[in-house]
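Working through the structure, step by step
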Amino acid sequence: MALEKYKQKRNFTSTPEPAGDPAVVAERAKTSGSRLFFCVQKHLASHLHYDFRLEHKGVLLSWAVPKGPSLDPKTKRLAMHVEDHPFEYGTFEGVIPEGYGAGIVMLWDQGTWAPETDDVDAALKKGDLKFTLDGYKLKGSWVLVRTGGWGSSSGRGEGGRSWLLIKHRDDWSGELDITEFAPLSVKSGGDFENILAADKPDVWLSHRPAKGGDAGKMFEAIIRKAAALKAGAPVAKKAPRAKKAPAAKKKSTTTKKRP
Ligand code: MN
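Residues numbered from 1 in each chain as written. Predicted model: local features only at pLDDT ≥ 70, side-chain atom pairs only at ≥ 80, totals over all residues. Heavy atoms only, no water.

1. As for the side chain of Asp 51
- Considering the arrangement of structural elements, one finds Asp 51 in strand β2 (residues 48-56).
- A distance of 3.4 Å separates polar atoms of two side chains, one belonging to Asp 51 and the other to His 43.
- A polar side-chain atom of Asp 51 sits 3.2 Å from a polar atom in the side chain of His 49.
- Discounting chain neighbours no more than four positions away, the residues touching Asp 51 are Cys 39, Val 40, Gln 41, His 43, Trp 63 and Ala 64. (Helix = DSSP H or I, 4+ residues; strand = E, 2+ residues; numbered from the N terminus. Polar contact = N/O pair within 3.5 Å; in protein donor to acceptor, adjacent residues only side chain to side chain. Contact = heavy atoms within 4.5 Å.)

2. Brief notes about the coordination of the manganese ion
- Coordination sphere of the manganese ion, protein contribution only: His 43 (ND1), His 49 (NE2) and Asp 51 (OD), at 2.2 to 2.3 Å.
- Mapped onto the sequence, the donors of the manganese ion take the spacing H-x5-H-x1-D.
- Looking at His 49, the relative accessible area reads 16%, which means it is buried. (Donors = N, O, S within 2.8 Å, 3.2 Å for Na, K, Ca; no water. Buried < 20%, exposed > 50% of the residue type's maximum accessible area, 1.4 Å probe, protein only.)

3. Here we look at the environment of Ala 215
- Take Ala 215: it is sitting in helix α6 (residues 213-230).
- Residues Ala 215 and Ala 45, spaced 170 residues apart in sequence, show a C-alpha to C-alpha distance of 7.2 Å.
- With sequence-adjacent residues up to four places away left out, Ala 215 is seen in contact with Leu 44, Ala 45, Ser 46, His 47 and Ala 210.

4. Considering the pattern of salt bridges
- In the structure shown here, the tally under the stated rule is 13 salt bridges.
- Between Glu 17 and Arg 10 there is a salt bridge, with the nearest N and O atoms lying 3.1 Å from each other. Per residue, the accessibility class of Glu 17 equals that of Arg 10, and both read buried.
- Bridged by salt links that share partners, the residues Lys 9, Arg 10, Glu 17 and Glu 83 form one connected network. (Salt bridge = Lys/Arg side-chain N within 4 Å of Asp/Glu carboxyl O.)

5. Looking at the nonpolar core
- By size, the foremost hydrophobic cluster in this structure holds 42 residues, and its most contacted members are Phe 52, Leu 54, Trp 63, Phe 131, Leu 133, Leu 138 and Leu 144.
- Looking at which element gives the most residues to this core, the answer is α6, with five residues.
- If we ignore the near neighbours within four places in the chain, the residues touching Leu 54 are Phe 37, Phe 38, Val 59, Leu 60, Leu 61, Trp 63, Trp 113, Leu 129, Phe 131, Leu 133 and Leu 144. (Core = buried A, V, L, I, M, F, W, Y, C linked by side-chain atoms within 4.5 Å.)

6. A closer look at unusual backbone geometry
- Look at Lys 57: it is not a glycine, yet its phi comes out positive at around 55°.
- Turning to its location among the elements, Lys 57 is positioned in the loop between β2 and β3 (59-65).
- Lys 57 gets classed as exposed once you look at its relative accessible area, which sits at 51%.

7. Topic: the pairing of strand β8 (residues 139-146)
- Most of β8 is tucked away, with six of its eight residues classed as buried.
- With seven bridges joining them, strand β7 (residues 128-135) and β8 adopt antiparallel strand pairing. Counterpart to Asp 134 in the pairing with β8 is Lys 139.
- If you look at the hairpin formed by β7 and β8, you'll find three residues sitting between the two strands.
- As defined by bridge partners, β8 adjoins strand β9 (residues 162-167) across five bridges and the pair is classed as antiparallel. Residue pairing across strands places Arg 146 opposite Trp 163, the latter belonging to β9. (Pairing = 2+ DSSP bridges.)

Read these as geometric descriptors, not functional statements.
Set out below in structure tokens:
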């Protein structure tokens, strides 16, 4: 049922992505309260985006967020509702060599989430889901709101796929650009090139998942770095700290210690 679309899009003989075990759905569907899983997977494919996933009824409700989450309540981030993913997908990190979603997946954040409502299904139907996150990078209160306009309730075509992910103002909001400040994996600690180097860095020598644009340039650099890492050659260290976090940190909230 819920994972039909997910399965239709993939060939499990050629993708390392989990196929989705019905037994896991049944087992996880019993999960409730504060033990619900959430994750954000940074996914470089035809375009860079962040897949935001909330566990619900044994599967992962999923939204593709092109610019990633923002801790600034004034910055509403477009989130395209996509097909449910298997629970086992939530900790996946690796290289999808070809086919749907071909590219590199990084586990950018994970933790638990709790709905701020008793009825998640009703909130989803209404297009207004408030919730609390407890991840490594993302915390506090958030909301996903379905946008009006094209097909919010008409159900035609792409109807209702377009949502906004917004941070509520609280101790965990602030002006810090979290995607810049904390760009690496919470699973391996690495960047895209490290994930590729751990796999088969020559997988895209002939045809990359994206050739032009920003994604094409990113792939080019990542493939080069991964090949050097694999060959054991010294690679110019990426210095995540060199990038300055926003200078003005008037808000003590943004400097709160994260685990
Ligand atoms: Mn994706």
